[in-house]
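# Per-entry structural report
Below are the chains, spelled out letter by letter.
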Amino acid sequence: EVDTENGVSGTASFKAVGVSGVTKSQSQTVYPATRKNYTFSAQIASENLKKGENGQAGVEVVIEYEDGTTETRFIDLY
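As a starting point, this report considers the structure included with it. (Residues numbered from 1 in each chain as written. Predicted model: local features only at pLDDT ≥ 70, side-chain atom pairs only at ≥ 80, totals over all residues. Heavy atoms only, no water.)

### Side note on the overall build of the protein chain
Tallying secondary structure elements over the protein chain gives zero helices and four strands in all. Listed N to C, the secondary structure of the protein chain is β-β-β-β in terms of helices and strands. On C-alpha atoms alone, the protein chain measures out to a radius of gyration of 15 Å, which is more than a quarter above the 12 Å that the 2.2 N^0.38 rule sets for 78 residues. Summarising its shape, the C-alpha atoms of the protein chain cover approximately 40 × 30 × 15 Å along the three principal directions. For the protein chain, the computed accessible surface area is about 7600 Å², with 45% contributed by carbon and sulfur atoms. Counting 7 positive and 11 negative side-chain charges, the protein chain places the averaged centre of each group 4 Å from the other. (Helix = DSSP H or I, 4+ residues; strand = E, 2+ residues; numbered from the N terminus. Rg over C-alpha atoms; globule rule 2.2 N^0.38 Å. Areas by Shrake-Rupley, 256 points an atom, 1.4 Å probe, with all protein chains shown as cover. Lys, Arg positive; Asp, Glu negative; His and termini not counted. Charge placed at Lys NZ, Arg CZ, Asp CG, Glu CD.)

### Brief notes about unusual backbone geometry
With a phi close to 65°, asparagine 54 is a non-glycine residue in the positive phi region. Structurally, asparagine 54 is set in the loop between strand 2 (13-14) and strand 3 (58-64). Look at asparagine 54 and you get exposed, because its relative accessible area is 73%. (Buried < 20%, exposed > 50% of the residue type's maximum accessible area, 1.4 Å probe, protein only.)

In short, the description is geometric, and any link to function would need to be established separately.
What follows is the structure in structure tokens.
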């Protein structure tokens, strides 16, 4: 859902409340400009986080390069 009260670099942010056994995701495409490097940033609140068996809490980033290949990185938060 859109959270209009906690945007850090803009007027809103993406908010996902975890549910056991459910994957929440948000997708964003950044089209190349004149830059050779990009920075990914996120602010995550994890109060009262409880993971179930084999649970994960983190951010998965998929990078697609100009040649069509992809690289996936998972950043564990807990």
